[in-house]
Amino acid sequence: IYLTGHSMGGHGSAYLGFHHPDLFAAAAPLAAAYGFSWLAASAQHLPFLWVGGEKDEEYYRVGVAAAVDRMKRLNYPVQFIELPGEDHFGPVKDFDRVFQWLRQHRRVAHPESFTFEVDTPLHRRAYWITVETMAEPGKVAVVKARADADNTAWLELDNVAAISVWPDPHVFRADRALAVYIKDRAVFSGQLPASHEVFLTRNAAGWTAVKRPRRELSLTAYRTNPVAFAPESLDMDGTEARLANWIADAMRSATGADVAFYCRAAYRGLPIPAGTVDVVDVIQCTRPFDQYLVTAELSGREIVEILEDNIQDAAAQARRNLLVQISGGKYSFNRQLAPGKRIVSSTFEPDRVYKVVMEGQVVERDTTIRLAGRFKKLPHQISNFPLSLALYRYAALSKELVAQREGRVQEIERFEKPPR
């Protein structure tokens, strides 16, 4: 089974490949915008062919470059082809090239060693291990697994609180006792039939192990990983969107920033429904944009300039809403005033310097938040939090998703100057 797709389907195929490397023989993302580099170590046995057009927008190349570079540093099977003279649609003009490459590969279903990186509980099983619980939500869990000739499973774990090991009969001998080590410490030894697995949990005293029947995880089951509860649904409606408020709050919480900017300009996500909130809902609410958040130091005066630059007339906003949603401050505007004077009031002190967090795409794509002449000129730092992990962390820690309209963004249709 092979994976390929174009544009949003290109980074969709990368997403599926990194999350389920045991299911596919090879992946060929075409004109992908994002590379999910924080998961790239999972593709040790999954060859990747990334194809882009030379004349495509720069952010498409930037978006996959980090994943390609990381895979190359790991000596993984990866290629990147940039098609001379082609634009965004060039990679789909010659599928024979793609199919010919795909057919060279066969699935590695039973490796004796592998690395598996897990970002949320939604995709937590690969080969002969399952990450049952992550120690800290919002941080990638890493499993480095190796089987040796003595029927021993060696595990190196990071951010893992519970894990199960299944004695894959293609890797381990059923007629011999299975031993499981975490680093250099033995945590299990005994006979284990292929119908069972060993469940390992960590507590203050160390790791404990129990045998249990193997639990099957359905790959098609939907909304099976509840993470929080929402008393009311959150959506992107209105001048001040409740879902945008929650997303901006999550970004600020993850990075410790003073202020968060969030833009709905290219939004394709889904509202978060009232009731039980699943990991799926957290991922779907911002689709398809997912890359590391970035932070920048901006004065209150610069913040107001950026907010001002994204206020449009009503007709333009109806076509493409650039209005910046924020956390950590408030502002009001009157779009009927002259450009440069539309911000009526704000809570930002002109000379104070604020740490501002934004989606990574803001500094790569000039079609998101306008930066008042600072695009490609804004000094910024790349955080350790992809957007999806920041949202999952915030939901898991808060347990309740609440975001009200509280006057963060207000439109004033009439504005009277105060008397002298």
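As a starting point, this report considers the structure included with it. In this text the structure is predicted, and so the values were computed from the model without any measurement. (Residues numbered from 1 in each chain as written. Predicted model: local features only at pLDDT ≥ 70, side-chain atom pairs only at ≥ 80, totals over all residues. Heavy atoms only, no water.)

## Describing the nonpolar core
Then, number 1: Counting 33 residues, the largest nonpolar core has V227, W246, I247 and L401 as its most contacted members.
Then, number 2: It is helix α4 (residues 242-255) that contributes the most residues to this core, 8 residues altogether.
Then, number 3: Those residues in contact with W246 that lie beyond four places of it in its chain are L234, I272, L391, Y394, A395, L401, V402 and A403.
Then, number 4: One finds Y127, V160, W166 and V198 within the second-largest nonpolar core, a separate group that totals 31 residues. (Core = buried A, V, L, I, M, F, W, Y, C linked by side-chain atoms within 4.5 Å. Buried < 20%, exposed > 50% of the residue type's maximum accessible area, 1.4 Å probe, protein only. Helix = DSSP H or I, 4+ residues; strand = E, 2+ residues; numbered from the N terminus. Contact = heavy atoms within 4.5 Å.)

## Some points on the sheet that holds strand β1 (residues 2-6)
Then, number 1: The strand order across the open sheet formed by 4 strands is β1-β2-β3-β4, and the pairing between neighbours is parallel. Edge positions in the sheet fall to β1 and β4 (78-83), since each has one partner strand and no second. This sheet shows a mean twist of 10° between the axes of neighbouring strands, independent of strand direction.
Then, number 2: Two elements, β1 and strand β2 (residues 26-30), share 5 bridges in a ladder whose sense is parallel. Counted as the bridge partner of L3 is A27 from β2.
Then, number 3: Packed on one face of the sheet, helix α3 (residues 95-102) meets β1, β2, β3 (48-53) and β4 and runs near 160° to β2. (Pairing = 2+ DSSP bridges. Axes fitted to C-alpha atoms, helices over the stretch in contact; angles between N-to-C directions.)

## Side note on the pairing of strand β18 (residues 292-299)
Then, number 1: With 6 of 8 residues buried, β18 is to be regarded as a mostly interior element.
Then, number 2: In this sheet, strand β23 (residues 381-386) lies alongside β18 in antiparallel orientation, the contact comprising 3 bridges. By the bridge assignment for β23, V294 is matched with I382.
Then, number 3: Relative to strand β22 (residues 353-358), β18 runs antiparallel, the two sharing 6 bridges. Bridge pairing in β22 links E297 to K355.

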